[in-house]
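Descriptive analysis of the structure
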Amino acid sequence: MSMVNQLSTSKRSAILRDMMERQGINALARTKDGNTGQSGRPSQVTVLKLLADAGDTAIDFLDQKMRDLPVRYVEADEMFAFVGIRGLTLLKNQMRAPKGQGVFWIWMAIDPVSKVIVAWHVGGRGNADAKTFIADLKARCAGRIQLTTDSHRAYFEAVGSEFGDDIDYATVKKQDDNEQQLVVEEYTGVKMPYRPKKRAKREMHPPVVRSGTPDENRITTNHIESFFQKLRQNLGRFARKSALHSKTLINLKRALALYIYHYNFQRIHTTIKTTPAMKAGIDDDIWTWDNFMDLVDERAEAQRAARREGAMQMERQAEDENVIRLKGPRDEQPGEYTVMVSLHQKYAKIHRTSCAHLRDTPGRQSKRGDSHKFQCETFDAAQNLAYDFMPDDVDVCKICLGEYNRLDTGRGKGGSDLKH
Ligand SMILES: [Zn+2]
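All figures in this text were calculated on a predicted structure; none of them were measured in a lab.

For the rest of this paragraph, the subject is the coordination of the zinc ion. Angles at a metal have ideal values that depend on geometry: 109.5 degrees with four tetrahedral donors, 90 or 180 degrees with six octahedral donors. At 2.2 to 2.3 Å from the zinc ion lie its protein donor atoms, namely His 351 (ND1), Cys 355 (SG), Cys 397 (SG) and Cys 400 (SG). Taken together, the 4 donor atoms coordinating the zinc ion span angles of 97 to 125 degrees at the metal, a pattern that classifies the geometry as tetrahedral. Going along the chain, you hit the donors of the zinc ion in the pattern H-x3-C-x41-C-x2-C. Of this pair, Cys 355 sits in the loop between β8 (347-352) and α13 (356-360) while Cys 397 sits in the loop between β10 (394-396) and α15 (402-406); the two residues are 42 residues apart in sequence, bridging distant segments of the chain. In this structure Cys 355 comes out as buried when scored by relative accessible area, which is 4%.

For the rest of this paragraph, the subject is the packing of helix α5 (residues 127-140) against helix α6 (residues 153-163). Taken N-terminus to C-terminus, the directions of α5 and α6 make an angle of 40 degrees; their axes are 8 Å apart at the nearest point. The orientation of α5 relative to α6 falls into the category oblique. As for the relative orientation of α5 and α6, their crossing is right-handed in sense. Seen from α5, the contacting residues are Asn 127, Ala 130, Lys 131, Phe 133, Ile 134, Ala 135 and Lys 138; seen from α6, they are Ala 154, Tyr 155, Glu 157, Ala 158, Val 159, Ser 161, Glu 162 and Phe 163. Within the contact of α5 with α6, the residues separate by chemical class into 9 nonpolar, 2 polar and 4 charged.

Let us now look at the sheet that holds β8. Spatial ordering of the open sheet is given by β9-β7-β8-β10, a layout of 4 strands whose pairing is mixed. Every interior strand has two partners, whereas the edge strands, β9 (371-376) and β10, have only one. When strand polarity is set aside, the average angle formed by the axes of neighbouring strands in this sheet is 20 degrees. In terms of strand pairing, strand β7 (residues 337-342) meets β8 through 6 bridges, oriented antiparallel. When the sheet's bridge partners are listed, Thr 338 is paired in β8 with His 351. Where helix α14 (residues 379-389) meets the sheet, its contacts fall on β7, β8, β9 and β10, and the angle it forms with β7 comes to roughly 10 degrees.

Moving on: unusual backbone geometry. Not every positive phi belongs to a glycine, and Asp 68 is a case in point at roughly 50 degrees. Locating Asp 68 in the fold gives a position in the loop between α3 (44-65) and β1 (73-83). Owing to a relative accessible area of 61%, Asp 68 belongs among the exposed residues under this scheme. Here Lys 273, not a glycine, exhibits a phi torsion of approximately 60 degrees, which is positive.

Along the polypeptide, Thr 275 turns up in the loop between α9 (249-266) and α10 (276-279). Ignoring anything within four residues of it in the chain, the contact list for Thr 275 reads Asn 264, Phe 265, Gln 266, Arg 267, Ile 268 and Ile 286.

Bringing the side chain of Lys 115 into the picture now. Structurally, the position occupied by Lys 115 is in the loop between β2 (102-110) and β3 (117-123). For the buried Lys 115, no salt bridge is present, and the opposite-charge side chain at shortest range is Glu 75, 7.7 Å distant. If sequence neighbours within four positions are ignored, Lys 115 has contacts with Ile 110, His 223, Tyr 263, Asn 264, His 269, Thr 271, Ile 272 and Pro 276.

What follows covers the pairing of β8. Burial within β8 is extensive, with 6 of its 6 residues counted as buried. Hairpin geometry of β7 and β8 is characterised by an intervening segment of 4 residues between the two adjacent antiparallel strands and by a positive phi of about 60 degrees at Lys 346. Note that β8 and β10 share 3 bridges and pair parallel. Across the sheet, the residue bridging to Ile 350 is Val 396, located in β10.

Definitions and limits used
- Residues numbered from 1 in each chain as written.
- Predicted model: local features only at pLDDT ≥ 70, side-chain atom pairs only at ≥ 80, totals over all residues.
- Heavy atoms only, no water.
- Donors = N, O, S within 2.8 Å, 3.2 Å for Na, K, Ca; no water.
- Tetrahedral: all angles 85-135°; square planar, octahedral: opposite > 155°, others 65-115°.
- Helix = DSSP H or I, 4+ residues; strand = E, 2+ residues; numbered from the N terminus.
- Buried < 20%, exposed > 50% of the residue type's maximum accessible area, 1.4 Å probe, protein only.
- Axes fitted to C-alpha atoms, helices over the stretch in contact; angles between N-to-C directions.
- Parallel < 35°, antiparallel > 145°, perpendicular 65-115°, else oblique.
- Left-handed = near helix turned anticlockwise from the far one by under 90°.
- Contact = heavy atoms within 4.5 Å.
- Nonpolar A, V, L, I, M, F, W, Y, C, P; charged D, E, K, R; others polar.
- Pairing = 2+ DSSP bridges.
- Lys, Arg positive; Asp, Glu negative; His and termini not counted.
- Salt bridge = Lys/Arg side-chain N within 4 Å of Asp/Glu carboxyl O.

Given below as structure tokens:
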């Protein structure tokens, strides 16, 4: 019997309520209404165990519930999150991020009508993760959708290969690149050149229709961006206040799953006056943390039964090991591929490290200080890294990596990469 099981349902509900709606774990361990044991309060271990059990339950719950969704309009976007160690620490100590830590990207899709979060994924920012995310999105939608994303290139190929022509798809240009700037500064320790914030000029960057006939009035990513703003505030609050700041990727996924579960199924949305799940017609009642605790208990019971039968369950932690992470930014170990990033000209280009053309380009020591080289072991890692810096402008050297262009994987420069 773990300590968690000694807590009553109402106490565990209170802890989750505080976790998702108010405060972080350190603060929770100090509260009196969640108390237990001699010290009169649940230990951080207890709270983390509850987060693990409840988070895993939420991951499964969302996976099962969010199917055959009758949504028509979808907005998708991605935001970054630091897990565990921060990039600047890596830089200072010249070290490589441990597995399951580093910069990750949270991909999410929202239906702006019902406000329901349709699909989510956590990983890198490259083509492989875009494909996983878009394939998952497609699997969850019942009919033809209209999708809007930003102009991050990885979407184009993923949407083309997963949906084909069976989608109305448009992209918009992001108005500001604060996020990208933060990631770049985190990696390089170099302040990006100051650029006065331009007023949003839609006419300068008109939306691009890439497939079908999307309704112009629905071509926007405003809803997912404002969802991300709130999510960022909450993740920031978790980070400041508590150990819920995800020390591992799986804890980030668990916290996100709980957040999305609560948002989709429990919280009354102020605009639609009901829960997004009810508005979308997925569910006909409002969930409570007490209801949810029953699911957590059922899941725990099923796991105990499986263990009694000797069938060892795959632990979720194992997933962390499978995530390919970028190397630390200044990890000087040789890699076959080199990403050349120009902060000034705002593009990233992938070369073979042996490429003669690469040797001619100014390196980190250049006077301008705006050009950086990073070596990676695999092409995928190089691509992830390049997208981290310059989501809109990643190029592949045609001289040394011509074969990657010939694969026609949508990495070429300019034009629409979506195949019709
Ligand atoms: Zn090259």
